[in-house]
Amino acid sequence: NHGRVSATAVRVVEPVHESVLSFPDELHVLVCDDLKMNRLLLKRSLKNIAVECVEACTAEEAIQAAGERHFDLIFMDETFSEAEGALLGTDAVREIRRAEAAKPSRRSVIVSCTGYAEITTGGDANDKFLTSKRFIDAGCDALWGKPIPSHVDGSMQREIVRLLQHKILASV
């Protein structure tokens, strides 16, 4: 599947700032959050760069969606208190990574988006805040606290490009 990555057409997106960013022409995204408003805000932030944006409101739904098709980019909340799901986002990430192990060329970029993350490493397991180590150990490629990076000033787009470029370079 290396040919698909190297031959992928790109679409240019111009954020508010003068920098120009390139995204794969067919970017498929899964947004998983129990709060409909959070899913809506993230989808709106991605509307100029994602060809398809699928929603899931539990970790279980995210596992099912990722098992049915490949997503280039997955945004995963950690807790689902407003939904019926029993799993955490990190549980879903582990399951998705296990399934991807059979097809390493189809590895999704997974960004955990959570309001409970302390963006540091280490810490005690009994801390009320989760640490980035927990997310990295689960298989996340990045951890974004909430509020997420701004799509208005281009910081979200730059971070997505960086993550996708890292994925492309790792697959070559």
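Everything in this summary refers to the structure shown in the same document. (Residues numbered from 1 in each chain as written. Predicted model: local features only at pLDDT ≥ 70, side-chain atom pairs only at ≥ 80, totals over all residues. Heavy atoms only, no water.)

Before going further, it helps to spend a moment on the nonpolar core. Residues Leu30, Cys32, Ala62, Ile74, Met76, Val93 and Ile110 are the most contacted members of the largest nonpolar core, which totals 18 residues. Listing elements by their share of this core, those giving two or more residues are β3 (28–32), α3 (59–68), β5 (73–76), α4 (89–100) and α5 (132–138). Excluding residues within four positions of it along the chain, Val93 makes contact with Met76, Ile110, Ala138, Gly139 and Cys140. By size, the runner-up hydrophobic cluster in this structure holds 17 residues, among which are Val31, Leu42, Val109 and Met156. (Core = buried A, V, L, I, M, F, W, Y, C linked by side-chain atoms within 4.5 Å. Buried < 20%, exposed > 50% of the residue type's maximum accessible area, 1.4 Å probe, protein only. Helix = DSSP H or I, 4+ residues; strand = E, 2+ residues; numbered from the N terminus. Contact = heavy atoms within 4.5 Å.)

A few words now on helix α2 (residues 36–46). Three or more residues of α2 are buried, namely Arg39, Leu42, Ser45 and Leu46. The arc that holds every buried residue of α2, seen down its axis, measures 130°, which confines them to one face. Of the exposed residues in α2, the ones pointing more than 90 degrees away from its buried face are Lys36, Met37 and Arg44. (Arc of directions from axis to C-beta.)

Reading across the sheet, the five strands line up as β4-β3-β5-β6-β9 and stay open at both edges, with parallel pairing between neighbours. Single-partner strands in this sheet number two, and they are β4 (52–56) and β9 (142–145). Direction aside, the axes of adjacent strands within the sheet are offset by 20° on average. Relative to strand β6 (residues 109–114), β5 runs parallel, the two being bridged by four bridges. (Pairing = 2+ DSSP bridges. Axes fitted to C-alpha atoms, helices over the stretch in contact; angles between N-to-C directions.)

Of note, Lys146 is situated in the loop between β9 and α6 (155–171). With 33 residues separating them in the primary sequence, Lys146 and Cys113 have C-alpha atoms 6.5 Å apart.

This part covers the pattern of salt bridges. Overall, the coordinates contain 11 salt bridges when judged by the stated rule. The closest approach of N and O atoms between Arg94 and Asp91, which form a salt bridge, is 3.4 Å. Placement of the pair is Arg94 and Asp91 together in helix α4, with a separation of three residues, close to one helical turn. Residue Arg94 is classed as partly exposed on the basis of its relative accessible area, which comes to 30%. Its salt-bridge partner being Arg97, residue Glu100 comes within 2.6 Å of it at the nearest N-O pair. With Glu100 and Arg97 both in helix α4 and three residues apart, the pair spans about one turn of that helix. This pair shows no difference in class: Glu100 is buried, exactly as Arg97 is. Put simply, Arg97, Glu100, Arg107 and Asp141 are held in one network by salt bridges that share partners. (Salt bridge = Lys/Arg side-chain N within 4 Å of Asp/Glu carboxyl O.)

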